[in-house]
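Architecture at a glance
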Amino acid sequence: QVQLVESGGGLVQPGGSLRLSCAASGSILSIYAMGWYRQAPGKQRELVATIPSGGSTNYADSVKDRFTISRDNAKNTVALQMNSLKPEDTAVYYCHAEVLSKLLLRNDYWGRGAQVTVSS
């Protein structure tokens, strides 16, 4: 099995910054795309940013130029640096990874989520 564990959420004032981290562990042979999604109360889960194992990153229009996604392939980690945070960024943020396991099975995995609250 594969586990994704997020860290770094919390409460921040508008205009502030937070950094989310996610570590993947378990029966991992290779990780394809990694990314962050978020879900605000009463809304559907939406894509925030994704990063493939090689190639260009992808961001939601609402976070472009404010958020930066990065990954460390050697450590199986992905991070999301969030700057200039706005109240509308308040949500539970979920880490996602598309993993090829040592059993040669390709599946999607999700973390449990990290709460980010932007409020004065």
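The residue count restarts for each chain, going from 1 along the sequence in the order it is written. Totals for whole chains, interfaces and linings use every residue, but because this is a predicted model, local features are given only for residues with pLDDT of at least 70 and side-chain atom pairs only at 80 or more, for both listing and counting. For the side-chain quantities, the full set of heavy atoms in the structure was used; hydrogens and water were omitted.

1. Quick notes on the pairing of strand E7 (residues 67-72)
To be explicit about the condition: We call a residue buried when its accessible area falls under 20% of the maximum for its residue type, exposed when it is over 50%, and partly exposed in between, using a 1.4 Å probe and counting protein chains only. Numbered from the N terminus, helices here are DSSP runs of H or I no shorter than four residues, and strands are runs of E no shorter than two. Pairing between strands is defined by DSSP: at least two bridges between the two strands are required.
Here E7 shows one buried face, formed by Phe67, Ile69 and Arg71, and one open face, formed by Thr68, Ser70 and Asp72. Both E7 and strand E8 (residues 77-82) contribute to a ladder of 6 bridges, which runs antiparallel. Counterpart to Ser70 in the pairing with E8 is Ala79. Linking E7 back to E8 in an antiparallel pair, the connection comprises 4 residues, with Asn76 at a positive phi of about 55 degrees.

2. Some words on the pattern of salt bridges
Note the following rule: One side-chain nitrogen of Lys or Arg within 4 Å of one carboxyl oxygen of Asp or Glu is enough to make a salt bridge.
Per the counting criterion, the structure on display carries 5 salt bridges. Across the salt bridge formed by Arg38 and Asp89, the nearest N and O atoms sit 3.0 Å from each other. Taken together, the residues Arg38 in strand E4 (residues 28-39) and Asp89 in the loop between E8 and strand E9 (91-101) connect sequence positions 51 residues apart. Comparing Arg38 with Asp89, the two get one shared label, buried. Taken together, the shared-partner salt bridges connect Arg38, Glu46, Arg66 and Asp89 into one network.

3. Section: the sheet that holds strand E1 (residues 2-7)
Going by this rule: Lines are fitted to the C-alpha atoms to define the axes, a helix being fitted only along its stretch in contact, and any angle between axes, read from their N-to-C directions, falls within 0 to 180 degrees.
Taken in spatial order, the 4 strands of this open sheet run E1-E3-E8-E7, and their pairing is antiparallel. The open sheet has two edge strands, E1 and E7, and neither has a second partner. The average undirected angle you get between the axes of adjacent strands in this sheet is 15 degrees.

4. Some details on the pairing of strand E5 (residues 46-51)
Bridge count for E4 against E5 is 5 bridges, and the pairing is antiparallel. Its bridge partner being in E5, Tyr37 is matched across the sheet by Leu47.

5. Quick notes on the side chain of Arg66
What counts, and what does not: Here a polar contact means two N or O atoms within 3.5 Å. Within protein one must be a hydrogen donor candidate and the other an acceptor candidate, and residues neighboring in sequence count only if both atoms are side-chain atoms. Note on definitions: a residue-residue contact is assigned when non-hydrogen atoms from the two residues lie within 4.5 Å.
If you trace the backbone, Arg66 turns up in the loop between strand E6 (58-59) and E7. The exposure class assigned to Arg66 is buried, which follows from its relative accessible area of 10%. A distance of 2.8 Å separates polar atoms of two side chains, one belonging to Arg66 and the other to Asp89. In contact with Arg66, other than residues within four places in its own chain, are Gln81, Met82, Asn83, Ser84, Leu85, Lys86 and Asp89.

6. With respect to the nonpolar core
Note the threshold: Put simply, buried Ala, Val, Leu, Ile, Met, Phe, Trp, Tyr and Cys residues joined by side-chain atoms within 4.5 Å make one nonpolar core.
One finds Trp36, Leu80, Met82 and Tyr93 to be the most contacted residues of the largest nonpolar core, which totals 32 residues. Of all the secondary-structure elements, those providing two or more residues to this core are E1, strand E3 (18-26), E4, E5, E7, E8, E9 and strand E11 (114-118). With 5 residues, E9 is the single largest residue contributor to this core.

7. A short note on unusual backbone geometry
Residues other than glycine seldom take positive phi values, yet Asn76 does so here, at roughly 55 degrees. You can see Asn76 is positioned in the loop between E7 and E8. Taking relative accessible area as the criterion, Asn76 reaches 22% and is therefore assigned partly exposed. Positive phi, normally seen in glycine, also occurs at Leu104, with a value near 65 degrees. Within the fold, Leu104 resides in the loop between E9 and strand E10 (106-110). Of the residues examined, Leu104 reaches a relative accessible area of 60% and is grouped as exposed.

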